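Remarks on the overall topology
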Amino acid sequence: MAIYINEPSHTFGEYLLIPGYSSVKCIPSNVDLTTPLVKFKKGEAPAISLNIPMTSAIMQSVSDNNMAVALAREGGLSFIYGSQSIESQAQMITKVKGYRAGFVISDSNVRPESTLADVLELKDKTGHSTMAVTDDGSPTGRLLGIITSRDYRISRMAPDTRAEDFMTRFDDLVCAGESTTLKEANDIIWEHKLNCLPVIDNDQRLVSLVFRKDYNEHKTNESELIDGSKRYIVGAGINTRDYEKRIPALLKAGADVLCIDSSEGYSEWQKIVLDHVRKNYGDTVKIGAGNVVDKDGFRFLAEAGADFVKVGIGGGAICITREQKGIGRGQATALIEVSKARDEYYQETGVYIPICSDGGIVHDYHITLALAMGADFLMLGRYFARFDESPTKKVNINGSYMKEYWGEGSARARNWQRYDLGGDARLSFEEGVDSLVPYAGSLKDNVGLSLSKVRSTMCNCGCLSIPELQKNAKITLISSTSIVEGGAHDVVLKNDSKIL
């Protein structure tokens, strides 16, 4: 006979937090959102922690190198999507690791014979206004000059004007040797009032560039997530098919943490991958697994060696797994059970395995609820897909701007590896949809607003850290009538178009 669970599974929208005692210290600026990303032993610090409890989903329409840089600036982390070639994914990782080292490998380069039209085309493609002119057009060629937007005027120059005729020539540049430290480079920038400092070797070959804006950005993004070399921390998604080839390529590119991207994690396929990682890399490689929705699934992945466990099946905005296959669980109920299993495992073993809540977030306050229910951090797809930094197009629909957003199980993505059960190498049926989400502007502004709500709510609960919230929060299940009561009701809104 099948096992029946008579208790209904619940979503975040069915719960509210009850305020707790707030001392004078409970102000938003005192709230610490630091949280562990990977497992650690009692009394020890995790190898990687997040400065904010947010990661971006392993999706084509969400997490590329641009998203990874933008989110790391705010203290979170992106998992670059794995449903692409190994080479392409590794290249994205390399771009992220090179972006914030202070010494940036130039990825906008032209030859001396390139034309103004070529320069403008490259600028439109990359968004970079500073370009190196090298003898072979490569990022490590012999440096001949630099082009910035101050070197040309489109209205007064012919499109076929050669770069060598309007670039700032090498003899007029201030350059630094490759042994120059970042502090020394910044001192040179300030002393000579530069926006960009080329770093060259003894043969005048370009090594890297140092930008004034990076110094300024670091000062205004003190929560940015960086490694010991001041490079942005970045994750990468892998699958259970080509992991033996993909993992070493991603590690070589600089990936700091991996995650098995699968719709269902309570599977021998995931254990095989985890066994492979531990056998070949020991504990030096950090890798998360999932997704699961109950204590059995968590325990399985914990004992298999996962560094963190993702929770959630069927709760994503574009996910139709529940509709297609009839499996899954309400996100709140799944998270509560897995969090309890995580705490029990910690008591037994002294090893704390962070939990990632993946899916089910509709409103900002759901983030705080997820943390209170035991999540250490969240993985968000629709949330990040709305921003400028996501890799999708912004389209105008009936006068309103939208961003494209599609699931990995959609016909558009055809990420069959994510739903792989060991059969044919194809997507048998769709488990995700192709959709649009309202355009919301920049990541920085929106993340800042969302986290200000999280900090404010935590203060209302009398908690100044995520562990405090997990331990002391009071949560109540609410009725459908309470949900209605929680919104504006029994009034006529002034901006209601029906009032005419």
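To be clear, the structure that these remarks concern was listed above.
Calculation notes
Residues numbered from 1 in each chain as written. Predicted model: local features only at pLDDT ≥ 70, side-chain atom pairs only at ≥ 80, totals over all residues. Heavy atoms only, no water. Helix = DSSP H or I, 4+ residues; strand = E, 2+ residues; numbered from the N terminus. Rg over C-alpha atoms; globule rule 2.2 N^0.38 Å. Buried < 20%, exposed > 50% of the residue type's maximum accessible area, 1.4 Å probe, protein only. Contact = heavy atoms within 4.5 Å. Areas by Shrake-Rupley, 256 points an atom, 1.4 Å probe, with all protein chains shown as cover. Lys, Arg positive; Asp, Glu negative; His and termini not counted. Charge placed at Lys NZ, Arg CZ, Asp CG, Glu CD. Pairing = 2+ DSSP bridges. Axes fitted to C-alpha atoms, helices over the stretch in contact; angles between N-to-C directions. Salt bridge = Lys/Arg side-chain N within 4 Å of Asp/Glu carboxyl O. 1 Å grid on protein atoms, 1.4 Å probe; cavity = no way out; pocket = protein on both sides within 12 Å on 5 of 7 lines; lining within 4 Å. Points joined across faces, edges and corners; volume = space filled by probe spheres on them. Nonpolar A, V, L, I, M, F, W, Y, C, P; charged D, E, K, R; others polar. Right-handed = clockwise from strand over helix to strand, strands pointing away. Disulfide = S-S within 2.5 Å. Expected span 1.5 Å × (residues − 1). Phe/Tyr/Trp six-rings, centres within 6.5 Å; stacked < 30°, edge-to-face > 60°. Lys NZ or Arg CZ within 6 Å of the ring centre and 35° of its normal. Core = buried A, V, L, I, M, F, W, Y, C linked by side-chain atoms within 4.5 Å.

Our next topic: the overall build of the protein chain. Regarding its fold elements, the protein chain presents 16 helices and 24 strands. In terms of overall dimensions, the protein chain is globule-like: its C-alpha atoms have a radius of gyration of 25 Å, near the 23 Å expected for 500 residues. Principal axes of the C-alpha set define a box for the protein chain whose edges measure 80 × 70 × 50 Å. The buried share of the protein chain, reckoned over its 500 residues, is 51%. Within the protein chain, contacts between residues separated by at least 24 positions form 64% of all contacts whose residues are at least 6 apart in sequence. Of the roughly 24100 Å² of accessible surface on the protein chain, 49% is carried by carbon and sulfur atoms. Taking the average place of the 57 positive charges on the side chains of the protein chain and the average place of its 65 negative ones, the gap between the two points comes to 2 Å.

The eight strands are arranged β5-β6-β14-β15-β16-β17-β19-β20 in a closed barrel whose pairing can be described as parallel. Within this sheet the neighbouring strands show an average axis-to-axis angle of 30°, counted without direction. Across two bridges, strand β5 (residues 54-56) lies against strand β6 (residues 77-80) in parallel orientation. Bridging across to β6, S56 finds its partner in S78. Across the face of the sheet, helix α1 (residues 65-74) comes into contact with β5 and β6 while running at roughly 165° to β6. Seen against the sheet, helix α9 (residues 295-304) touches β16 (287-292), β17 (309-311) and β19 (355-358) and runs at an angle of roughly 160° to β16.

The next thing to look at is the pattern of salt bridges. Oppositely charged side chains can pair when the atoms bearing their charge come close. Counted under the stated rule, the structure contains 17 salt bridges. Two residues, D283 and R278, come together in a salt bridge whose shortest N-O distance is 4.0 Å. Overall, D283 belongs to the exposed group, its relative accessible area being 54%. For R278, a relative accessible area of 18% translates into the label buried.

This part takes up the layout of surface pockets. There is about 1500 Å³ of room inside the largest pocket. Lining of the largest pocket is provided by 42 residues; of these, D107, S108, T126, H128 and F211 occupy positions nearest its centre. Taken together, the elements giving at least two residues each to the lining of the largest pocket come down to α1, α2 (86-99), α3 (116-126), β12 (196-200), β13 (206-211) and α6 (212-220). Per-element tally for the lining of the largest pocket: the top contributor is α2, with six residues. When grouped by side-chain class, the residues that make up the lining of the largest pocket number 14 nonpolar, 16 polar and twelve charged.

Let's shift gears to the pairing of β19. The alternating pattern of β19 places I355 and S357 on one face and C356 and D358 on the opposite face, and all of these are buried. Where β17 lies against β19, three bridges are found, and the strand directions are parallel. Among the inter-strand pairings, V311 is bridged to a residue of β19, identified as S357. Relative to strand β20 (residues 377-380), β19 runs parallel, the two sharing three bridges. If you follow S357 over to β20, its bridge partner there is L378. Taking the sense of rotation as the criterion, the β-α-β connection linking β19, helix α12 (residues 364-372) and β20 turns out right-handed.

To continue, consider the state of the cysteines. Per the counting criterion, the structure on display carries zero disulfides. The closest cysteine sulfur to the non-disulfide-bonded C196 is located on C175, 9.0 Å from its own sulfur.

It is worth spelling out the sheet that holds strand β21 (residues 394-397) at this point. In spatial order, the strands read β21-β22-β23; together these three strands make up an open sheet with antiparallel pairing. In this open sheet, the two edge strands, each paired with only one partner strand, are β21 and β23 (434-438). Going across the sheet, the axis of each strand differs from the next one's by a mean of 45°, ignoring polarity. As judged from the five bridges shared by strand β22 (residues 400-406) and β23, these two strands associate in the antiparallel manner. Of the residues in β23, the one forming a bridge with Y405 is S435.

On to α2. An ideal rise of 1.5 Å per residue puts 20 Å on 14 residues; α2 measures up with 20 Å between its terminal C-alpha atoms. Listing the buried residues of α2 in full gives I86, Q89, A90, M92, I93, V96, K97 and G98. Buried residues belonging to α2 abut α1, β6, β14 (235-238) and α7 (243-253).

Moving on, we come to unusual backbone geometry. Between G290 and the following residue, N291, the backbone shows a cis peptide bond with an omega angle of 10°. The topology assignment puts N291 in strand β16. The phi angle at K230 is positive, at roughly 60°, despite the residue not being glycine. Mapped onto the elements, K230 comes out in the loop between α6 and β14. Here the phi dihedral of N398 falls at roughly 55°; this positive angle occurs in a residue that is not glycine. Within the secondary structure, N398 sits in the loop between β21 and β22. By relative accessible area, N398 is classed as exposed at 80%.

What follows is about the packing of aromatic side chains. Aromatic ring pairs are described here by two measures, namely the spacing of the ring centres and the angle between the planes. The final tally for this structure, using the stated rule, is eleven aromatic pairs. Ring-pair connections join several aromatic residues into one group, and the members of that group are F40, Y346 and Y352. The cationic tip of R386 hangs over the ring face of Y383; the distance from NZ or CZ to the ring centre is 4.9 Å. Its end group placed over the ring of Y439, K394 keeps NZ or CZ at 4.4 Å from the ring centre.

Turning our attention to the nonpolar core. Among the nonpolar cores identified, the biggest contains 102 residues, and M54, I238, L258, F298 and F384 are the most heavily contacted of them. When residues no more than four places from it in sequence are discounted, the contact partners of L258 are F79, A236, I238, I247, L250, V285, K286, I287, G288 and F308. One finds V110, L116, L122 and V133 within the second-largest nonpolar core, a separate group that totals eleven residues.

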